[in-house]
Amino acid sequence: MSTEEKPAAAPRSLAEELRGRDDVGLAALLRSRPDLVTPVPTDLTQLATRAGTRASVVRALERLDRFALQTAQALAVAADPAPYDELLGLLAGDEGDPAVSAALPHVVRTLREQALVWGGDDRLRLVRTARELLSPSAQHPSPTGLGPTVREATAGMSPGRIQEIVTAAGLPSTHDSVSAVAALTGLFTDRARMSALLAEVPPESAETLERLVWGPPYGQVTADPAPRLRLLLDRGLLLPTAPGTVVLPREVALHLRGGRAHRATEPVPPPVEPAPAPAHRPQVVDAAAAGQAYTALAAVEELLKDWDEGGPAVLRSGGLSVRDLKRTAVALDVPEPVAAFWVELAYAAGLLASDGEADERYAATPAYDTWLERPAAERWTVLATAWLAATRTPGLVGERDAKDHTVAALGPGLDRSAAPEVRHRVLALLAGLPEGTAPVAESVPARLRWERPPRPGTGDGEDLRSRLARWTLTEAETLGITGRGALSAHGRALLGLPAPEPDRPDHPAEPEPRGPGDRLPVHHRPAPPPGPLSPAGFSPAGFSPAGFSPAEPKNVTAAARLLAPLLPEPLDHVLLQADLTAVAPGPLRRPLADMLDVLADVESKGGATVYRFTPGSVRRALDAGQTAADLHAFLTAHSRTPVPQPLAYLIDDVARRHGHLRVGAASAYVRCDDEAVLNEILADKRAAELGLRRLAPTVLAARADPAGLLEGLRRMGFAPAAESAEGDVLITRAHAHRTPPRTPPEPVPEGPPVPDDTLLTAAIRAVRAGDLAATAPRKPRAGRGGGELPRTGSAETLATVQAAVLTGEALWIGYVNAEGAASQRVIAPVRVEGGFVTAYDHTADEVRTYPLHRITGVAELADDES
């Protein structure tokens, strides 16, 4: 054996290329293509096979950025295999492009890492499935706009016709079609000779070539082509592919394009441009975002307060009806798209759900009561983290689905698995701008289209990711993550991004002039943003979209800490006025706000909320168990102004009449100690529908049920109180309807999650061990194929295993488990007893015990050859 180290041979397959990778390289592959790890491949050959399946390759291609995808498309039209220089020429053209030359090495490394390309720089190969998907064909045109090669286009042409084309092109005739096609290909790929040939083409013929050069490369001709077309057909510059159809050969198109596979190669991501308006000071951005955050809290509270006693009915197909969404928008005083956003946000946060009753309706969940008890900043983080992780997309509400049905809020069909990733990416792009700067709105979708090009032929108009980006910018502003278009400090903390270092200590309002070089780094691929953030108790279980890490509680805590000082402090007082109104000059503390909601009606909102006291609102408080003395004491304790006399009279007057009448179940009855009051009721024509009749001087019976009787008497101007079967006054409390405990809707992940380090380590160890068993050299045995399990008799199996125990040698065995699954393993036997063999299993990297009757056979490993 030679003592000199042999050079590593070029891999002959993708499996051999993977076998030459270290563990870091395999981990990078499985991390970039997580679908390959589930289930764990048995060996590297199976891993390579799985990496070449159509579904996996399509998923990998869809996650490439535009330049990486253009590189793969260029390889699909290059020779197979192609040297690196040919690939560079297809992307940079004959004149070259420094940006392409600088970016291409990184992209080739990325394609190799993802097992889409393999081989050395002198023999780059695109995996076969990717080549089939990206190569030009009449049924599936290439994004490059190139057609078939001369060899492909002339495959069905007669030898005589090929010789005629060769002669017309000025080449000597050959003895066979193969050499003739090779000569014609050589002519078309020779820049000097091709330029001379095209110089002889008249302008009208050259114009035909120009129309086909950037694709599509196919054209229609008549049975008797015009002279300008006949000249091109005679010289092979156009080749017939079917009756009446001609194609521009790939080699001719590349010459006319100057060697470029694409009209415009994009090695550099488009920058996210700052808006032309002056940048805002960070304090202004944070204050504006905090104002929106407070508005978000108020909107969700008002929505759920309105639905506390049972909200709209659930449609049979699921979701809110169009009419109920309009009513909700009117109640919140917002446009319908904004109302749909608040409804979906409350649903995503687990604060809203259907009650599951026979007459199914939407209502607040028990988690809503817990949420209300938390500080305002923490309540906001619940909403913001739910929005970041949700795959439900409110922007689709009101559109038509594939069946031409209107997409309903809270209904099915709103999940878009790309939504969390797009939200994180958009906010990360905003974080890359100078502090206090908003982006040009269109530059954000343009950047996302470069990072993840839309699949051609979707037919949905604007691609989904661009729409998601626009919705993200609007929703982030509505929710208070951004302020005046710029990312706020608490929004940055929520994403786990470091605080920016100010360019100047005073943070001027006007930005410094931006030059052409003031852009994001050209070849730097930004790190994936943090994963969905969810505080304890509101985390969507089991969701981890590809590329995102689990939520960091410290990020949520940091965001709440930054936001808390910016939110208005809740007040413990109101200002009572003589016109039976109360003015709340700011947000109120929870007990005060809850009591005022019962005692008064909201008349107007804004910077200050105006409440109005009415007989009905006072009666509502009395029905809830309050007394006149309680109400006087409450208003005196929480008003910075004296209690006006009209308000005191109103409370006393309603309280004096409240409960004077008692309504119970007969079907229903009314009792009152004052016979005159009952006489007045019986004499009133409006009481006819109640079916009243006197049972005793102080008791009336009614056909109506107690609830209908209560409502009827109140419409007549009385203030009855309901009583129990024991004669006690029933206290009615508002906000009593809750759904059973519900979990928030689980987001729909976009493909399998990225495996963590523990799973990667275990998977790589298992694949390596399986590959060792599959590729270990074995001593040849007569009558056995190389891919079959070893087959030996029981006596021979036992003797071979016992001998291996004495010598310490490893064996190759075939094994069938209890489920009947067959596998091959490399073991080092330690002992044999009681019908079992205990051995170190190289495949599993552990000591195991195997029943001898389940071993199909054994074979000794061949000596290593060096």
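Description of the structure in this document. Because the structure is predicted, anything quoted here is derived from the model rather than measured. (Residues numbered from 1 in each chain as written. Predicted model: local features only at pLDDT ≥ 70, side-chain atom pairs only at ≥ 80, totals over all residues. Heavy atoms only, no water.)

## Here we look at the sheet that holds strand β5 (residues 245-247)
Part 1: Strand order in the open sheet formed by three strands is β3-β5-β4, with antiparallel pairing between adjacent strands. Edge positions in the sheet fall to β3 (218-220) and β4 (239-242), since each has one partner strand and no second. For this sheet the average axis-to-axis angle between neighbouring strands, irrespective of direction, equals 40°.
Part 2: Pairing of β3 with β5 involves three bridges; the strand directions are antiparallel. Its bridge partner lying in β5, Tyr218 is registered against Val247. (Pairing = 2+ DSSP bridges. Helix = DSSP H or I, 4+ residues; strand = E, 2+ residues; numbered from the N terminus. Axes fitted to C-alpha atoms, helices over the stretch in contact; angles between N-to-C directions.)

## Looking at the sheet that holds strand β10 (residues 575-577)
Backbone hydrogen bonds are what pair the strands of a sheet, in a parallel or an antiparallel way.
Part 1: Spatial strand order, β10-β11-β13-β12: four strands in an open sheet with antiparallel pairing. Pairing within the sheet leaves two strands with one partner each, and these edge strands are β10 and β12 (601-604). Averaged over all pairs of adjacent strands, the angle between their axes in this sheet comes to 30°, without regard to strand direction.
Part 2: Across three bridges, the pairing between β12 and strand β13 (residues 609-612) is antiparallel. Pairing of Val602 across the sheet is with Tyr611, part of β13.

## Re the pattern of salt bridges
Part 1: Considering all chains together, one arrives at 40 salt bridges under this definition.
Part 2: Asp359 is the salt-bridge partner of Arg361, the closest N and O atoms lying 3.8 Å from each other.
Part 3: Among the salt bridges present, the one from Arg465 reaches Glu421, with a minimum N-O distance of 3.9 Å. Of the two residues, Arg465 sits in helix α23 (residues 464-479) while Glu421 sits in helix α21 (residues 419-431), which places them 44 residues apart along the sequence. Like Glu421, Arg465 is buried.
Part 4: Linked by salt bridges that have partners in common, Arg63, Glu421, Arg452 and Arg465 make up one network. (Salt bridge = Lys/Arg side-chain N within 4 Å of Asp/Glu carboxyl O. Buried < 20%, exposed > 50% of the residue type's maximum accessible area, 1.4 Å probe, protein only.)

## Structural notes on the nonpolar core
Part 1: Ranked by size, the top nonpolar core spans 89 residues in total, and within it Phe188, Leu237 and Leu238 carry the most contacts.
Part 2: Of the residues forming this core, the biggest block, eight residues, is contributed by helix α5 (residues 66-77).
Part 3: Leaving out residues up to four positions away in the same chain, Leu238 has contacts with Thr208, Leu209, Leu212, Leu229, Leu232, Leu233, Val246, Val247, Leu248 and Pro249.
Part 4: Counting 74 residues, the second largest nonpolar core, distinct from the first, contains Leu396, Leu430, Leu448 and Leu567. (Core = buried A, V, L, I, M, F, W, Y, C linked by side-chain atoms within 4.5 Å. Contact = heavy atoms within 4.5 Å.)

## Notes on the pairing of β13
Part 1: Bridging between strand β11 (residues 581-584) and β13 involves four bridges; their strand directions are antiparallel. Each residue of the ladder has a partner; that of Thr581, found in β13, is Arg612.

## Some details on the side chain of Glu251
Part 1: If you trace the backbone, Glu251 turns up in helix α15 (residues 250-256).
Part 2: Arg250 provides the closest opposite charge to the buried, salt-bridge-free Glu251, at an N-O distance of 6.2 Å.
Part 3: Side-chain polar atoms of Glu251 contact the backbone nitrogen of Val150, separated by 3.1 Å.
Part 4: Setting aside anything within four residues of it in sequence, one finds Glu251 in contact with Thr149, Val150, Thr185, Phe188 and Thr189. (Lys, Arg positive; Asp, Glu negative; His and termini not counted. Polar contact = N/O pair within 3.5 Å; in protein donor to acceptor, adjacent residues only side chain to side chain.)

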